Amino acid sequence: MRLLIASAAALLAVAFAAPSFAQDDTPTPAPVPTAKPKPGTSAYCQTLKSASSRSSCLKKVSAQAKAAPAPTKTAKAKAKKPTTTATPKQPDSAQLAPPAVAPSSGPVSVPPLPQKTI
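Everything numeric in this text was worked out from a predicted model, so none of it was measured.

Caption draft 1: Just the overall build of the chain, in detail. Within the chain one finds three helices and zero strands. Put simply, the chain runs from its N terminus to its C terminus through helices and strands in the order α-α-α. When each of the 118 residues of the chain is scored for burial, the buried share is 3%. Of the roughly 12400 Å² of accessible surface on the chain, 65% is carried by carbon and sulfur atoms.

Encoded structure:
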């Protein structure tokens, strides 16, 4: 009986204590303002609401990118190093190398399987 009363009292104490933890007065951090994209960029065009204004904005941005002059080559010329043709060229990382052929020296030994585990 004492255990029942003690557990009921503990449950009652927790029930009254829980709302005080939920009403904590610690200030929440202020939300960080997001930077707005600058006009004349494709990110700005994506923020527009109508599809027609978005597509016309993207066309303007792509036209400006094409109209920008390409950087000119500098007058300084680099001296070329003599290349040797004896060294084989390394394949690109996207290409697979041909499989290496291992000399077959007979059957491959396989260890025996375990009999039974406990």
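Caption draft 2: Fine view of the state of the cysteines. Considering all chains together, one arrives at one disulfide under this definition. At a sulfur-sulfur separation of 2.0 Å, the disulfide partner of Cys45 is Cys57. Of note, the bridge from Cys45 to Cys57 carries an S-S torsion of about -65 degrees and is left-handed in sense. Remark: Cys57 occurs in helix α3 (residues 51-67) and Cys45 occurs in helix α2 (residues 42-47); sequence separation between them is twelve residues. Cys57 shares its class with Cys45; the two are buried.

Caption draft 3: Just a nonpolar patch on the surface, in detail. A cluster of nonpolar residues, Met1, Leu4 and Ile5, forms a patch on the protein surface that exposes about 380 Å² of accessible area. If you trace the backbone, Ile5 turns up in helix α1 (residues 2-22).

Caption draft 4: Spotlight on the environment of Gln64. Here Gln64 lies in helix α3. Taking the C-alpha atoms as reference, Gln64 lies 8.9 Å from Gly40; in sequence the two are 24 residues apart.

Caption draft 5: Here's a closer look at the environment of Lys36. As for its placement among the helices and strands, Lys36 is situated in the loop between α1 and α2. Spatially, the C-alpha atom of Lys36 lies 9.3 Å from that of Thr47, the residues being eleven residues apart in sequence.

Thresholds applied
- Residues numbered from 1 in each chain as written.
- Predicted model: local features only at pLDDT ≥ 70, side-chain atom pairs only at ≥ 80, totals over all residues.
- Heavy atoms only, no water.
- Helix = DSSP H or I, 4+ residues; strand = E, 2+ residues; numbered from the N terminus.
- Buried < 20%, exposed > 50% of the residue type's maximum accessible area, 1.4 Å probe, protein only.
- Areas by Shrake-Rupley, 256 points an atom, 1.4 Å probe, with all protein chains shown as cover.
- Disulfide = S-S within 2.5 Å.
- Patch = residues over 30% accessible without salt bridge, like charges linked within 9 Å, V, L, I, M, F, W, Y side chains within 5 Å.
- Salt bridge = Lys/Arg side-chain N within 4 Å of Asp/Glu carboxyl O.

So far we have only geometry, and geometry alone does not tell us how the molecule works.
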